[in-house]
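# Secondary and tertiary structure notes
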Amino acid sequence: MSFSERTNTTRWIIISVCFIIISLILWNTYTFFQIFKNEERLKMNLFVKAQITIVNADENTDVELPLQIFNNNTSIPGIIMLYDNVVSAVNVPDEILNDKKKRTAFLNKLKNENEPITFEYAPGKYQTLYYGNSSLLNKLKYYPIALLLIIFLCIALIYNFYKSTKMATQNKLWAGMAKETAHQIGTPLSSLIGWVEILKTENIDSSISTEIEKDIERLQTITDRFSKIGSIPVLELHDIVEETRTAYEYLQSRFSKQVAFSFHAPDSPILGMINPTLHSWTIENLVKNAIDAMKGKGTLDLQIEQDAHQVKINIKDSGTGIPKKQFKTIFETGYTTKKRGWGLGLSLTKRIVEEYHNGKIKVLHSEIGKGTTFQIALNKKVQ
(Lines give C-alpha, C1' and ligand atoms only; values in the text may rest on other atoms or scores of the structure.)
Protein backbone atom coordinates (compact mmCIF):
# COMPACT_ATOMS: atom_id res chain seq x y z
CA MET A 1 0.00 0.00 0.00
CA SER A 2 1.40 3.41 -1.02
CA PHE A 3 1.75 6.41 1.28
CA SER A 4 -1.20 8.11 -0.45
CA GLU A 5 -3.43 5.06 0.02
CA ARG A 6 -2.52 4.81 3.72
CA THR A 7 -3.33 8.49 4.13
CA ASN A 8 -6.70 8.04 2.44
CA THR A 9 -7.49 5.01 4.63
CA THR A 10 -6.69 6.98 7.80
CA ARG A 11 -8.76 9.89 6.54
CA TRP A 12 -11.79 7.67 5.93
CA ILE A 13 -11.44 6.06 9.36
CA ILE A 14 -11.49 9.52 10.99
CA ILE A 15 -14.50 10.56 8.88
CA SER A 16 -16.33 7.33 9.79
CA VAL A 17 -15.67 7.84 13.52
CA CYS A 18 -16.91 11.45 13.28
CA PHE A 19 -20.02 10.27 11.44
CA ILE A 20 -20.74 7.66 14.14
CA ILE A 21 -20.30 10.24 16.92
CA ILE A 22 -22.61 12.72 15.15
CA SER A 23 -25.19 9.97 14.57
CA LEU A 24 -25.13 9.01 18.27
CA ILE A 25 -25.56 12.64 19.33
CA LEU A 26 -28.48 13.13 16.94
CA TRP A 27 -30.08 9.87 18.04
CA ASN A 28 -29.82 10.85 21.72
CA THR A 29 -31.23 14.30 20.97
CA TYR A 30 -34.14 12.74 19.09
CA THR A 31 -34.75 10.36 22.02
CA PHE A 32 -34.83 13.27 24.49
CA PHE A 33 -37.17 15.15 22.17
CA GLN A 34 -39.60 12.23 22.05
CA ILE A 35 -39.47 11.79 25.84
CA PHE A 36 -40.28 15.47 26.45
CA LYS A 37 -42.98 15.36 23.78
CA ASN A 38 -44.65 12.38 25.47
CA GLU A 39 -44.44 14.11 28.85
CA GLU A 40 -46.12 17.20 27.42
CA ARG A 41 -48.91 15.06 25.98
CA LEU A 42 -49.45 13.53 29.44
CA LYS A 43 -49.67 17.06 30.88
CA MET A 44 -52.26 18.03 28.26
CA ASN A 45 -54.26 14.87 29.04
CA LEU A 46 -54.36 16.07 32.66
CA PHE A 47 -55.37 19.47 31.29
CA VAL A 48 -58.30 17.77 29.50
CA LYS A 49 -59.39 15.97 32.67
CA ALA A 50 -59.23 19.25 34.54
CA GLN A 51 -61.43 20.83 31.87
CA ILE A 52 -63.98 18.00 32.18
CA THR A 53 -64.04 18.39 35.95
CA ILE A 54 -64.61 22.15 35.73
CA VAL A 55 -67.34 21.84 33.07
CA ASN A 56 -69.24 19.25 35.13
CA ALA A 57 -68.58 20.86 38.53
CA ASP A 58 -71.39 21.68 40.96
CA GLU A 59 -71.40 23.32 44.37
CA ASN A 60 -69.98 20.18 45.98
CA THR A 61 -67.06 19.68 43.50
CA ASP A 62 -63.53 20.52 44.61
CA VAL A 63 -62.06 22.45 41.67
CA GLU A 64 -58.87 23.55 43.42
CA LEU A 65 -56.72 20.86 41.79
CA PRO A 66 -58.09 21.39 38.24
CA LEU A 67 -57.50 25.14 38.59
CA GLN A 68 -53.93 24.47 39.72
CA ILE A 69 -53.40 22.34 36.62
CA PHE A 70 -54.68 25.21 34.47
CA ASN A 71 -52.56 27.82 36.24
CA ASN A 72 -49.36 25.73 36.30
CA ASN A 73 -49.30 25.43 32.51
CA THR A 74 -47.22 28.46 31.60
CA SER A 75 -45.37 27.13 28.54
CA ILE A 76 -47.65 24.90 26.42
CA PRO A 77 -50.08 26.80 24.18
CA GLY A 78 -53.53 25.23 23.93
CA ILE A 79 -57.04 25.99 22.69
CA ILE A 80 -60.17 23.98 23.51
CA MET A 81 -62.66 24.21 20.66
CA LEU A 82 -66.34 23.29 20.39
CA TYR A 83 -66.94 23.28 16.67
CA ASP A 84 -65.75 26.78 15.62
CA ASN A 85 -66.09 28.33 19.04
CA VAL A 86 -63.29 28.81 21.57
CA VAL A 87 -64.21 27.24 24.88
CA SER A 88 -61.00 28.17 26.68
CA ALA A 89 -57.36 28.88 25.88
CA VAL A 90 -54.03 29.00 27.63
CA ASN A 91 -50.77 30.73 26.63
CA VAL A 92 -52.37 32.10 23.44
CA PRO A 93 -52.41 35.87 22.68
CA ASP A 94 -55.83 37.56 22.58
CA GLU A 95 -55.16 38.97 19.11
CA ILE A 96 -55.12 35.40 17.74
CA LEU A 97 -58.21 34.32 19.65
CA ASN A 98 -60.21 37.38 18.51
CA ASP A 99 -59.22 37.16 14.82
CA LYS A 100 -60.85 34.18 13.07
CA LYS A 101 -58.33 34.11 10.23
CA LYS A 102 -55.33 34.19 12.58
CA ARG A 103 -57.00 31.66 14.87
CA THR A 104 -57.54 29.22 12.00
CA ALA A 105 -53.91 29.51 10.92
CA PHE A 106 -52.76 29.06 14.52
CA LEU A 107 -54.95 25.97 14.96
CA ASN A 108 -53.45 24.44 11.79
CA LYS A 109 -49.98 25.14 13.19
CA LEU A 110 -50.85 23.42 16.48
CA LYS A 111 -52.38 20.52 14.57
CA ASN A 112 -49.13 20.03 12.65
CA GLU A 113 -47.11 20.00 15.86
CA ASN A 114 -49.27 17.57 17.84
CA GLU A 115 -52.28 15.34 17.29
CA PRO A 116 -55.35 17.09 18.78
CA ILE A 117 -57.07 15.44 21.75
CA THR A 118 -60.83 14.96 21.35
CA PHE A 119 -62.63 14.24 24.60
CA GLU A 120 -66.18 13.66 25.85
CA TYR A 121 -66.96 16.28 28.47
CA ALA A 122 -70.61 15.16 28.80
CA PRO A 123 -72.57 12.18 27.48
CA GLY A 124 -72.61 12.51 23.70
CA LYS A 125 -70.88 15.93 23.76
CA TYR A 126 -67.29 16.41 22.59
CA GLN A 127 -64.64 19.11 22.60
CA THR A 128 -61.21 19.18 20.99
CA LEU A 129 -57.95 20.37 22.51
CA TYR A 130 -55.35 21.76 20.09
CA TYR A 131 -51.95 22.23 21.65
CA GLY A 132 -48.44 23.01 20.47
CA ASN A 133 -44.89 22.46 21.63
CA SER A 134 -43.53 24.36 24.58
CA SER A 135 -40.72 26.87 24.11
CA LEU A 136 -38.32 24.37 25.71
CA LEU A 137 -39.31 21.67 23.21
CA ASN A 138 -38.91 24.09 20.29
CA LYS A 139 -35.43 24.99 21.49
CA LEU A 140 -34.55 21.32 21.77
CA LYS A 141 -35.81 20.80 18.21
CA TYR A 142 -33.24 23.27 16.86
CA TYR A 143 -30.47 22.05 19.14
CA PRO A 144 -29.20 19.35 16.67
CA ILE A 145 -28.86 21.99 13.92
CA ALA A 146 -26.78 24.23 16.17
CA LEU A 147 -24.76 21.21 17.30
CA LEU A 148 -24.10 20.14 13.71
CA LEU A 149 -22.96 23.65 12.78
CA ILE A 150 -20.52 23.66 15.70
CA ILE A 151 -19.23 20.18 14.77
CA PHE A 152 -18.80 21.09 11.10
CA LEU A 153 -17.02 24.30 12.11
CA CYS A 154 -14.62 22.32 14.31
CA ILE A 155 -14.04 19.79 11.52
CA ALA A 156 -13.35 22.64 9.07
CA LEU A 157 -10.85 24.21 11.48
CA ILE A 158 -9.12 20.86 12.07
CA TYR A 159 -9.01 20.15 8.34
CA ASN A 160 -7.62 23.61 7.61
CA PHE A 161 -4.97 23.17 10.30
CA TYR A 162 -4.10 19.69 9.02
CA LYS A 163 -3.90 20.88 5.43
CA SER A 164 -1.78 23.92 6.33
CA THR A 165 0.57 21.78 8.41
CA LYS A 166 0.83 19.19 5.65
CA MET A 167 1.57 21.84 3.02
CA ALA A 168 4.16 23.50 5.26
CA THR A 169 5.86 20.14 5.82
CA GLN A 170 5.82 19.38 2.10
CA ASN A 171 7.23 22.81 1.31
CA LYS A 172 10.12 22.27 3.69
CA LEU A 173 10.70 18.81 2.25
CA TRP A 174 10.63 20.10 -1.33
CA ALA A 175 12.96 22.99 -0.56
CA GLY A 176 15.41 20.86 1.39
CA MET A 177 15.56 18.05 -1.19
CA ALA A 178 15.77 20.44 -4.11
CA LYS A 179 18.57 22.60 -2.74
CA GLU A 180 20.55 19.57 -1.58
CA THR A 181 20.17 18.00 -5.04
CA ALA A 182 21.32 21.21 -6.73
CA HIS A 183 24.31 21.34 -4.39
CA GLN A 184 25.23 17.68 -5.00
CA ILE A 185 25.03 18.08 -8.79
CA GLY A 186 26.98 21.33 -8.75
CA THR A 187 30.21 19.84 -7.44
CA PRO A 188 30.84 17.18 -10.15
CA LEU A 189 29.40 19.57 -12.76
CA SER A 190 32.16 22.09 -12.12
CA SER A 191 34.71 19.30 -12.50
CA LEU A 192 33.15 18.14 -15.80
CA ILE A 193 33.36 21.64 -17.23
CA GLY A 194 37.10 21.65 -16.46
CA TRP A 195 37.59 18.24 -18.07
CA VAL A 196 35.81 19.40 -21.23
CA GLU A 197 38.21 22.31 -21.54
CA ILE A 198 41.13 19.89 -21.24
CA LEU A 199 39.61 17.62 -23.92
CA LYS A 200 39.38 20.57 -26.29
CA THR A 201 43.16 21.04 -26.08
CA GLU A 202 43.74 17.40 -26.97
CA ASN A 203 43.73 16.03 -30.48
CA ILE A 204 40.30 14.34 -30.34
CA ASP A 205 37.14 14.44 -32.43
CA SER A 206 35.48 17.82 -31.73
CA SER A 207 32.01 16.21 -31.93
CA ILE A 208 32.77 14.30 -28.73
CA SER A 209 33.40 17.44 -26.69
CA THR A 210 30.37 19.07 -28.32
CA GLU A 211 28.08 16.26 -27.21
CA ILE A 212 29.54 16.31 -23.73
CA GLU A 213 28.92 20.07 -23.58
CA LYS A 214 25.27 19.45 -24.47
CA ASP A 215 24.96 17.05 -21.56
CA ILE A 216 26.66 19.53 -19.28
CA GLU A 217 24.20 22.23 -20.36
CA ARG A 218 21.43 19.80 -19.56
CA LEU A 219 22.82 19.19 -16.08
CA GLN A 220 23.13 22.94 -15.56
CA THR A 221 19.46 23.30 -16.51
CA ILE A 222 18.50 20.58 -14.02
CA THR A 223 20.56 22.26 -11.30
CA ASP A 224 18.90 25.58 -12.08
CA ARG A 225 15.47 23.94 -11.79
CA PHE A 226 16.16 22.45 -8.37
CA SER A 227 17.68 25.67 -7.10
CA LYS A 228 14.41 27.49 -7.82
CA ILE A 229 12.31 25.11 -5.72
CA GLY A 230 11.65 26.57 -2.28
CA SER A 231 12.11 30.14 -3.44
CA ILE A 232 9.94 32.48 -5.47
CA PRO A 233 10.99 32.13 -9.13
CA VAL A 234 11.24 35.16 -11.39
CA LEU A 235 8.45 35.27 -13.98
CA GLU A 236 9.18 37.03 -17.23
CA LEU A 237 7.22 37.76 -20.38
CA HIS A 238 7.86 34.96 -22.88
CA ASP A 239 6.23 33.35 -25.88
CA ILE A 240 4.52 30.31 -24.33
CA VAL A 241 4.21 28.60 -27.71
CA GLU A 242 7.94 28.84 -28.44
CA GLU A 243 9.02 27.83 -24.93
CA THR A 244 6.69 24.82 -25.04
CA ARG A 245 7.86 23.85 -28.53
CA THR A 246 11.54 24.01 -27.50
CA ALA A 247 11.00 21.73 -24.49
CA TYR A 248 8.82 19.33 -26.47
CA GLU A 249 11.21 19.02 -29.44
CA TYR A 250 14.17 18.47 -27.10
CA LEU A 251 12.38 15.47 -25.59
CA GLN A 252 11.24 14.23 -29.01
CA SER A 253 14.86 13.98 -30.17
CA ARG A 254 15.82 11.83 -27.19
CA PHE A 255 13.06 9.24 -27.16
CA SER A 256 12.48 6.13 -29.23
CA LYS A 257 11.00 6.40 -32.71
CA GLN A 258 8.28 4.05 -31.47
CA VAL A 259 6.62 7.11 -29.95
CA ALA A 260 4.91 9.23 -32.63
CA PHE A 261 5.20 12.86 -31.52
CA SER A 262 2.94 15.61 -32.93
CA PHE A 263 2.70 19.32 -32.11
CA HIS A 264 -0.15 21.70 -32.95
CA ALA A 265 -0.14 25.37 -31.98
CA PRO A 266 -1.18 28.79 -33.31
CA ASP A 267 1.28 30.38 -35.73
CA SER A 268 1.35 33.66 -33.81
CA PRO A 269 3.11 34.06 -30.43
CA ILE A 270 1.12 33.86 -27.19
CA LEU A 271 2.78 35.95 -24.50
CA GLY A 272 2.55 35.15 -20.81
CA MET A 273 4.45 35.55 -17.54
CA ILE A 274 6.38 32.30 -17.02
CA ASN A 275 9.70 30.98 -15.82
CA PRO A 276 11.17 29.14 -18.86
CA THR A 277 13.26 26.76 -16.77
CA LEU A 278 10.33 25.60 -14.63
CA HIS A 279 7.91 25.62 -17.57
CA SER A 280 10.13 23.25 -19.53
CA TRP A 281 10.31 21.02 -16.44
CA THR A 282 6.51 20.88 -16.40
CA ILE A 283 6.35 19.81 -20.04
CA GLU A 284 9.11 17.26 -19.48
CA ASN A 285 7.34 15.68 -16.50
CA LEU A 286 4.06 15.34 -18.37
CA VAL A 287 5.70 13.96 -21.51
CA LYS A 288 7.74 11.40 -19.55
CA ASN A 289 4.65 10.42 -17.57
CA ALA A 290 2.74 9.92 -20.83
CA ILE A 291 5.51 7.79 -22.36
CA ASP A 292 5.64 5.66 -19.21
CA ALA A 293 1.85 5.17 -19.46
CA MET A 294 2.31 4.00 -23.08
CA LYS A 295 5.22 1.72 -22.05
CA GLY A 296 7.45 3.52 -24.56
CA LYS A 297 5.24 2.93 -27.59
CA GLY A 298 2.27 4.90 -28.93
CA THR A 299 1.17 8.36 -30.03
CA LEU A 300 1.77 11.60 -28.16
CA ASP A 301 0.08 14.83 -29.21
CA LEU A 302 0.59 18.30 -27.75
CA GLN A 303 -1.97 20.97 -28.65
CA ILE A 304 -1.95 24.63 -27.68
CA GLU A 305 -5.14 26.67 -27.80
CA GLN A 306 -6.26 29.95 -26.29
CA ASP A 307 -9.29 31.94 -25.22
CA ALA A 308 -9.68 35.54 -24.12
CA HIS A 309 -7.61 35.19 -20.95
CA GLN A 310 -5.80 31.83 -20.93
CA VAL A 311 -3.56 29.62 -23.00
CA LYS A 312 -4.30 25.91 -22.65
CA ILE A 313 -1.74 23.18 -23.29
CA ASN A 314 -3.24 19.73 -23.85
CA ILE A 315 -0.94 16.70 -23.76
CA LYS A 316 -2.68 13.59 -25.04
CA ASP A 317 -1.26 10.05 -24.97
CA SER A 318 -2.49 6.62 -26.06
CA GLY A 319 -1.57 4.93 -22.78
CA THR A 320 -3.42 2.79 -20.28
CA GLY A 321 -5.67 5.56 -18.99
CA ILE A 322 -6.58 6.68 -15.46
CA PRO A 323 -9.71 5.73 -13.47
CA LYS A 324 -11.92 8.77 -12.84
CA LYS A 325 -11.70 8.36 -9.05
CA GLN A 326 -7.92 8.93 -9.29
CA PHE A 327 -8.08 12.19 -11.30
CA LYS A 328 -7.15 14.24 -8.22
CA THR A 329 -5.26 11.58 -6.28
CA ILE A 330 -2.51 11.31 -8.90
CA PHE A 331 -1.35 14.84 -8.04
CA GLU A 332 -0.82 14.01 -4.37
CA THR A 333 2.70 13.65 -3.05
CA GLY A 334 3.61 9.98 -2.67
CA TYR A 335 1.05 8.66 -5.13
CA THR A 336 2.61 6.40 -7.77
CA THR A 337 1.77 3.31 -9.81
CA LYS A 338 5.43 2.47 -10.36
CA LYS A 339 7.17 -0.12 -8.20
CA ARG A 340 10.26 2.06 -7.83
CA GLY A 341 8.65 5.50 -8.02
CA TRP A 342 8.57 8.16 -5.32
CA GLY A 343 5.33 9.78 -6.53
CA LEU A 344 6.88 13.23 -6.89
CA GLY A 345 6.61 13.97 -10.63
CA LEU A 346 2.97 15.04 -10.99
CA SER A 347 2.94 16.55 -7.51
CA LEU A 348 5.92 18.71 -8.46
CA THR A 349 4.28 19.59 -11.77
CA LYS A 350 1.12 20.74 -9.98
CA ARG A 351 3.21 22.84 -7.62
CA ILE A 352 5.07 24.55 -10.48
CA VAL A 353 1.89 25.27 -12.45
CA GLU A 354 -0.43 26.37 -9.64
CA GLU A 355 1.85 27.89 -7.00
CA TYR A 356 4.57 29.41 -9.17
CA HIS A 357 2.64 30.29 -12.35
CA ASN A 358 -0.85 30.86 -10.86
CA GLY A 359 -2.27 28.41 -13.39
CA LYS A 360 -4.28 25.21 -13.25
CA ILE A 361 -3.52 21.61 -14.16
CA LYS A 362 -6.01 18.75 -14.39
CA VAL A 363 -6.86 15.51 -16.10
CA LEU A 364 -9.05 16.78 -18.91
CA HIS A 365 -10.11 13.36 -20.14
CA SER A 366 -9.11 9.74 -19.68
CA GLU A 367 -10.42 6.40 -20.86
CA ILE A 368 -9.09 3.06 -19.68
CA GLY A 369 -7.12 1.37 -22.46
CA LYS A 370 -7.32 4.39 -24.79
CA GLY A 371 -5.30 7.16 -23.20
CA THR A 372 -5.27 10.33 -21.12
CA THR A 373 -5.26 14.07 -21.77
CA PHE A 374 -3.66 16.44 -19.26
CA GLN A 375 -4.40 20.15 -19.51
CA ILE A 376 -2.32 23.07 -18.29
CA ALA A 377 -4.06 26.47 -18.20
CA LEU A 378 -1.82 29.54 -17.90
CA ASN A 379 -2.73 33.20 -17.83
CA LYS A 380 -1.71 35.08 -20.94
CA LYS A 381 -0.98 38.72 -21.49
CA VAL A 382 -4.16 40.38 -22.74
CA GLN A 383 -3.40 42.43 -25.82
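Parameters and conventions
Residues numbered from 1 in each chain as written. Predicted model: local features only at pLDDT ≥ 70, side-chain atom pairs only at ≥ 80, totals over all residues. Heavy atoms only, no water. Core = buried A, V, L, I, M, F, W, Y, C linked by side-chain atoms within 4.5 Å. Buried < 20%, exposed > 50% of the residue type's maximum accessible area, 1.4 Å probe, protein only. Helix = DSSP H or I, 4+ residues; strand = E, 2+ residues; numbered from the N terminus. Contact = heavy atoms within 4.5 Å. Pairing = 2+ DSSP bridges. Axes fitted to C-alpha atoms, helices over the stretch in contact; angles between N-to-C directions. Expected span 1.5 Å × (residues − 1). Arc of directions from axis to C-beta. Polar contact = N/O pair within 3.5 Å; in protein donor to acceptor, adjacent residues only side chain to side chain. UniProt positions renumbered as here; feature names shortened; annotations may be inferred. Phe/Tyr/Trp six-rings, centres within 6.5 Å; stacked < 30°, edge-to-face > 60°.

## Regarding the nonpolar core
If you look at the biggest cluster of nonpolar residues, it comprises 32 residues, and the most contacted ones within it are I283, V287, L300, I313, F374 and I376. When residues of this core are traced back to their parent elements, those giving at least two are α7 (240-252), β6 (259-264), α8 (276-293), β8 (298-306), β9 (310-317), α9 (345-356), β10 (360-367) and β11 (371-379). Residue contacts for I283: discarding those within four places in its chain leaves T244, A247, Y248, L251, L302, I313, I315 and I376. Core analysis: the second largest hydrophobic core is formed by 14 residues, A50, V90, A122 and Y131 among them.

## Let's talk about the sheet that holds β9
If you trace the five strands from one edge of the open sheet to the other, you get β6-β8-β9-β11-β10, paired in mixed fashion. Of all strands in the sheet, those bounded by a partner on one side alone are β6 and β10. Averaged over neighbouring strand pairs, the angle between their axes works out to 15° when direction is ignored. With seven bridges connecting them, β8 and β9 associate as antiparallel partners. Across the sheet, L300 pairs through a bridge with D317, a residue of β9. In the packing of α7 onto the sheet, contacts are made with β6, β8, β9 and β11, and the angle to β6 comes to roughly 170°. Taken strand by strand, α9 contacts β10 and β11, and its axis lies near 135° from that of β10.

## Notes on α7
Over its 13 residues, α7 runs 18 Å from end to end, which matches the ideal 18 Å to within 8%, given 1.5 Å per residue. Listing the buried residues of α7 in full gives I240, V241, T244, A247, Y248 and L251. Taken around the axis of α7, the buried residues stretch over an arc of 140°, which confines them to a single face. Where α7 starts, the residue carrying a side-chain oxygen 3.1 Å from the main-chain nitrogen of V241 turns out to be D239.

## Describing the sheet that holds strand β1 (residues 78-82)
One open sheet holds the four strands; their spatial order is β2-β1-β4-β3, and the pairing between them is antiparallel. At either margin of the open sheet sits one strand with a lone partner, and together these are β2 (85-90) and β3 (117-122). Averaged over all neighbouring strand pairs, the angle between strand axes comes to 25°, with direction disregarded. Here five bridges tie β1 to β2, and the two strands are oriented antiparallel to one another. Considered in β2, the bridge of M81 is made with V86.

## Considerations on the UniProt feature "transmembrane region" (unreviewed entry) in the chain
UniProt's entry tags residues 12-36 and 142-162 with the feature "transmembrane region" (unreviewed entry), counted in the numbering of this structure. End C-alpha to end C-alpha, residues 12-36 measures 36 Å, and it is 100% helix and 0% strand. Strand forms 0% of residues 142-162 and helix 100%; the C-alpha atoms that close the span are 30 Å apart.

## A closer look at the packing of aromatic side chains
Counted by the stated rule, this structure contains three aromatic pairs. A centroid spacing of 5.7 Å and a plane angle of 40° characterise the contact between Y248 and F263, whose relative ring orientation is tilted. Residue Y248 is found in helix α7, and its partner F263 is found in strand β6; the two are separated by 15 residues along the sequence. You can call F263 partly exposed: its relative accessible area is 21%.

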